[in-house]
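# An overview of the molecular structure
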Amino acid sequence: MATGSATPGPPPPPAGPPTQKVSDVISSFRPARRFKSGGSGTSVTSLDFDDTGELAIVARDDDTLQVYNCKEGKHAKELKSQKYGAHLARFSHHAQSIIYASTKVDDGLRFLSTHDNTYIRYFKGHEDTVTSIALCPSSDTFISCSADNTVRLWNLQSPNHTGRLNLHKPYLATYDPSATVIAVASADTQTIVLYDVRNYDKPPFATFDLQDLEQRFLGGRKGQWTKIEFTNDGKSLVVATNDTGHFVLDAFSGDITHFCYRKGGPSGRLTPGTTSPGHNSHKANGNTPAAGQGDVCVTPDGQYLIGGSGEDGLLVWDISKPPTHNHVLEPMEKLPGHGRAAVVGYNPRTNLLASADRDLFLWQPDPDLMI
């Protein structure tokens, strides 16, 4: 099968309209389209949708970026980054341009026009592996984290960072939906710090210590955080792990509301900050686990957390439920799939899911299974 080509068959049914409630379709998602990687051992390492929901982009550890048209269920374009590698590809607010991190040669960020595959700008300054990239919801600014113990703030219009935080292993960061708060997570210190975007050079206004939670739910294991994400209402903060579950916190107090338990365990991917032997070389070790960006996502309505099971298919947790006495939340659904989901995303505009390990799957509601 050629790189990026889809398995034969009819095109997937049209996604439900954006106004269709997620709760009406969540149990009926099934894989509708499969795109094979085209190379043995090739893995998808990151996934993102553009603002319109029409396009998806994945980075792969064969040093390529693959663009897909979600509306048509087709592979749209391959972009090669053979010299520098590619990870954490993110659409800017302009669908024809992306930002991504280098995995070889240097630790720079690259701003690429997907239209003609030319670089618009380079963002240099990081001195070790970039572990997280997050776009501001409301402007052309973004943040990046690195194993060089810095968080840097950037503007797409300038090659130089506009701000810098020096923190201990700050491997994950995200904006809240209002773009007024930055959350930075350090699995090593088991803390999350919240900064006012306008006063990021001042001390954080809140610190959430997760040491007791990790002791209680993970037996004290630490360093396994893979992603942090606010729900769209800004009320909850998800801390995804590469362990037996994920934490859902009250975004204002830091108190736990749910521990989303999964029996199957981890996705098998390297966690942010774990440098593979192939980093900064021209050829990675083929036996090294692929990098990841976390295998969970929050639905646009903020009601559900969807993630990999550690085995086949996807798990769904209803995080809108009131907390139980022990805060353990079992999955409400297991959606049958084909293989492990190591990277997962929910389209921001339509009811369409994407998951990937080696191959990419587009999931849509099966009309025969809808409520």
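Before going into details, it helps to say that this report is about the structure given with it. Note that this is a predicted model, so its numbers are computed, not measured.

The element strand S19 (residues 236-241) is largely enclosed, with a buried count of 6 among its 6 residues. The side-chain alternation of S19 yields two buried faces, one formed by Ser236, Val238 and Ala240 and the other by Leu237, Val239 and Thr241. Here strand S18 (residues 225-230) pairs with S19 via 5 bridges, running antiparallel. For Lys227, the partnering residue across the bridge sits in S19 and is Ala240. Once S18 ends, the chain turns through 5 residues before running back antiparallel as S19, passing Gly234 with a positive phi of about 75°. Pairing of S19 with strand S20 (residues 245-250), which is carried by 4 bridges, proceeds in the antiparallel orientation. When the sheet's bridge partners are listed, Leu237 is paired in S20 with Leu249. Hairpin connection, S19 to S20: the antiparallel pair is bridged by 3 residues.

The side-chain alternation of strand S28 (residues 353-356) yields two buried faces, one formed by Leu353 and Ser355 and the other by Ala354 and Ala356. Pairing between strand S27 (residues 343-346) and S28: 4 bridges, direction antiparallel. When the bridges of S28 are listed, Gly345 appears paired with Ala354. With antiparallel pairing between neighbouring strands as the criterion, S27 and S28 make up a hairpin whose turn holds 6 residues. Bridge analysis of S28 against strand S29 (residues 360-365) gives 4 bridges, and the strand direction is antiparallel. Residue pairing in the sheet places Ala354 in a bridge with Leu362 of S29.

Criteria and thresholds
- Residues numbered from 1 in each chain as written.
- Predicted model: local features only at pLDDT ≥ 70, side-chain atom pairs only at ≥ 80, totals over all residues.
- Heavy atoms only, no water.
- Buried < 20%, exposed > 50% of the residue type's maximum accessible area, 1.4 Å probe, protein only.
- Helix = DSSP H or I, 4+ residues; strand = E, 2+ residues; numbered from the N terminus.
- Pairing = 2+ DSSP bridges.

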